[in-house]
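# Topology and contacts: notes
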Amino acid sequence: MSARRHAFGIDIGGSGVKGAAIDLETGELRHERIKIATPQPSTPDAVATAVAQLVAQAGWDGPVGLTLPCVVLDGVAHTAANVDKSWIGTDARALFSAALDGREVTVLNDADAAGLAEDRFGAARDIDGLVLLLTFGTGIGSAMLNNGTLVPNTELGHLEIGGMETEHRAAASVKERDDLSYAEWATRVSTVLRGLEDLFWPTVFVAGGGISRDAGQWIPLLTNRTRVVPAGLRNTAGIVGAAMAVDAGITP
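Just so it is clear, the model here is predicted, and its values are computed rather than measured. (Residues numbered from 1 in each chain as written. Predicted model: local features only at pLDDT ≥ 70, side-chain atom pairs only at ≥ 80, totals over all residues. Heavy atoms only, no water.)

Taken in spatial order, the 5 strands make up an open sheet running β10-β9-β8-β13-β14, and their pairing is mixed. Of all strands in the sheet, those bounded by a partner on one side alone are β10 (149-151) and β14 (227-230). On average, adjacent strands in this sheet sit at an angle of 25 degrees to one another, irrespective of strand direction. The sheet contact formed by strand β8 (residues 130-136) and strand β13 (residues 204-208) spans 5 bridges and is parallel. Paired with V131 across the bridge in β13 is V204. On the sheet, helix α3 (residues 110-120) packs against β8, β9 (140-146), β10 and β13 and is oriented at approximately 45 degrees with respect to β9. Where helix α6 (residues 182-200) meets the sheet, it contacts β8, β9, β13 and β14, and its direction lies at approximately 150 degrees from that of β8. (Pairing = 2+ DSSP bridges. Helix = DSSP H or I, 4+ residues; strand = E, 2+ residues; numbered from the N terminus. Axes fitted to C-alpha atoms, helices over the stretch in contact; angles between N-to-C directions. Contact = heavy atoms within 4.5 Å.)

Laid out in structure tokens, this is it:
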């Protein structure tokens with residue numbers, strides 16, 4: 001019998017830097033998730049220091065996978081959502097590797113990491129074809145996987161459907177801002193999903209973000225043709241996906 005494989009993942013967000021070692025056979029955390037408040041301002045150097053503290057606290061000495069709320073190409077951040085704008089243009093992979101004494105790191109977009117995790121261990125497990133994960137929050141994050149292969153940095157929240165960016169039409173923040181009922185908001189989400197399914201013909205949509213906890217109140221109200229399922233891994237998806245990425249050598 002082969003030895004069980006483990007890897008370490010860190011999910012960096014606007015409010016918290018969260019990490020844990022992951023069992024790559026089950027997707028389960030090997031210990032309680034460690035969380036450090038995201039430094040304010042959340043500059044690259046300050047966040048890298050927090051990452052080093054977290055890894056030291058965990059006692060982990062191997063490679064580390066990390067997520068950022070940014071478009072990441074070849075380790076470099078090209079956008080910055082909910083983190084300091086000084087991330088734009090930062091070689092995040094080199095920064096984190098230096099902060100961790102030169103060890104191997106992988107850096108990818110946070111929604112992409114969540115998509116990897118949901119496809120392998122969560123709501124899209126054992127589903128063939130094209131999986132589209134959408135995270136409904138302040139904006140709409142996205143991840144696209146075809147038979148388990150990630151198409152990175154899709155940014156579908158900025159796609160214009162019906163004359164409006166998708167996240168301006170149907171982010172969870174829009175529901176709160178406009179005081180929409182679930183039925184009213186579901187109508188907007190349906191418009192977005194119909195536009196996406198006409199372009200990509202996915203097998204399934206996975207709905208993530210905090211509002212997915214209330215999936216029973218709005219997913220049954222959707223009128224698009226493609227099946228929609230709530231995300232299964234919740235707030236561990238980014239950590240699990242980051243660990244998967246560094247184990248598999250995924251470097252968007």
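After that view of the structure, there is still more to cover.
Further remarks concern the environment of G208. Summarising the element assignment, G208 is placed in strand β13. When the C-alpha atoms of G208 and T191 are compared, they prove to be 17 Å apart, with 17 residues separating the residues in sequence. Those residues in contact with G208 that lie beyond four places of it in its chain are L133, L134, T135, F136 and A231.

The next subject is the domain arrangement of the chain. Here the domain parsing of the chain yields domain 1 (6-112 + 236-248) and domain 2 (126-232). Domain 1 puts 8 residues into the contact, and the matching count from domain 2 is 9 residues. Across the domain 1 to domain 2 interface the summed buried area is about 610 Å²; carbon plus sulfur atoms make up 47%. When the buried surface of domain 1 facing domain 2 is broken down by residue, V71, A111 and D112 rank first, second and third, together holding 73% of it. Inspection of the domain 1/domain 2 interface yields 0 salt bridges. Counting residues per element, the ones that place at least two in the side of domain 1 that touches domain 2 are β5 (72-73), β7 (105-109) and α3. Partitioned by chemical class, the residues of the side of domain 1 that touches domain 2 number 6 nonpolar, 1 polar and 1 charged. (Domains from an automatic or database assignment. Buried area = accessible area lost by both parts, 1.4 Å probe. Salt bridge = Lys/Arg side-chain N within 4 Å of Asp/Glu carboxyl O. Nonpolar A, V, L, I, M, F, W, Y, C, P; charged D, E, K, R; others polar.)

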